[in-house]
Amino acid sequence: QKKLEEKPDVILLTAALPTFHFATDLSQKLRKYCKILMLGGPHATLFKKEILEKCPQFDLLVIGEADLSIVSLIKKIEEGITTKTKYDFSNIPNVVWRDSSKIIVNNTNPPIMDLDQFPTPDRDVIDIHSYHAAFSLLTSRGCPMQCTFCSRPVTGSTFRGRSAISVVDEMEMMLNKYPNIAERCN
């Protein structure tokens, strides 16, 4: 709540298919706190136009693997806020947005092949001690299988794995940085 009262310029929510209704409920509450409200994740990737048609609280969507697009997107938003100009997201891949009443679906980037380029997540921004002996660790993206229930529409059919050394380094960092939680995992 304290961070929301600071009125951030941008809030980005994510939603998978089973959590979309939670994201829309939350988005209704968050709308008043920010200038731009975005949604990303599997649901946004699969139901692009439908979401912007039915959920006016969302200003735009980030779809697919948007890791690299988000940097350009935030720079464009900062530029628009500073200059008070109309937002034009047309050259930013993996973005779905409204230009007046028209919904525009931009091109998407190819799959990100080098997952080691990304830093480890900053877990200090969340209340890590409220977790019940569970950590999330990204080791790969993409899958050549055809399961209908997974994130393949977002991460694609090309399997890409992090290097073993980067995964082990992250595990060691987490065990050393959060020893109380690591004890609960045993």
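Details of the structure are given in the entry above.
The notes below deal with the structure included here. (Residues numbered from 1 in each chain as written. Predicted model: local features only at pLDDT ≥ 70, side-chain atom pairs only at ≥ 80, totals over all residues. Heavy atoms only, no water.)

**What about the environment of Cys55?**
Turning to its location among the elements, Cys55 is positioned in the loop between α4 (48-54) and β3 (60-62). As a C-alpha pair, Cys55 and Thr24 span 31 residues in sequence and 7.8 Å in three-dimensional space. Discounting residues that sit within four places of it in the chain, Cys55 has contacts with Phe20, Thr24 and Arg98. (Helix = DSSP H or I, 4+ residues; strand = E, 2+ residues; numbered from the N terminus. Contact = heavy atoms within 4.5 Å.)

**Let's talk about the pattern of salt bridges**
Under the defined criterion, the tally for this structure stands at ten salt bridges. In this structure, Glu170 engages Arg123 in a salt bridge whose closest nitrogen and oxygen atoms are separated by 2.7 Å. Of this pair, Glu170 sits in helix α7 (residues 164-177) while Arg123 sits in the loop between β5 (102-105) and β6 (140-141), placing them 47 residues apart in sequence. By relative accessible area, Arg123 is classed as buried at 8%. Among the charged side chains, a network of salt bridges with common partners joins Glu65, Asp67, Arg141 and Arg160. (Salt bridge = Lys/Arg side-chain N within 4 Å of Asp/Glu carboxyl O. Buried < 20%, exposed > 50% of the residue type's maximum accessible area, 1.4 Å probe, protein only.)

**Focus on the pairing of strand β2 (residues 36-40)**
Of all five residues in β2, five are buried; the element is thus mostly enclosed. Where burial is concerned, the two faces of β2 agree: the one with Ile36, Met38 and Gly40 and the one with Leu37 and Leu39 are both buried. Pairing geometry for strand β1 (residues 10-14) and β2, over five bridges, is parallel. By the bridge assignment, Leu13 is partnered in β2 with Leu39. Chirality of the crossover, the property in question, places the unit of β1, helix α2 (residues 20-30) and β2 among those that are right-handed. With three bridges connecting them, β2 and β3 associate as parallel partners. From the neighbouring strand, Gly40 faces β3, where its bridge partner is Val62. (Pairing = 2+ DSSP bridges. Right-handed = clockwise from strand over helix to strand, strands pointing away.)

Worth remembering: the numbers are spatial, not functional.
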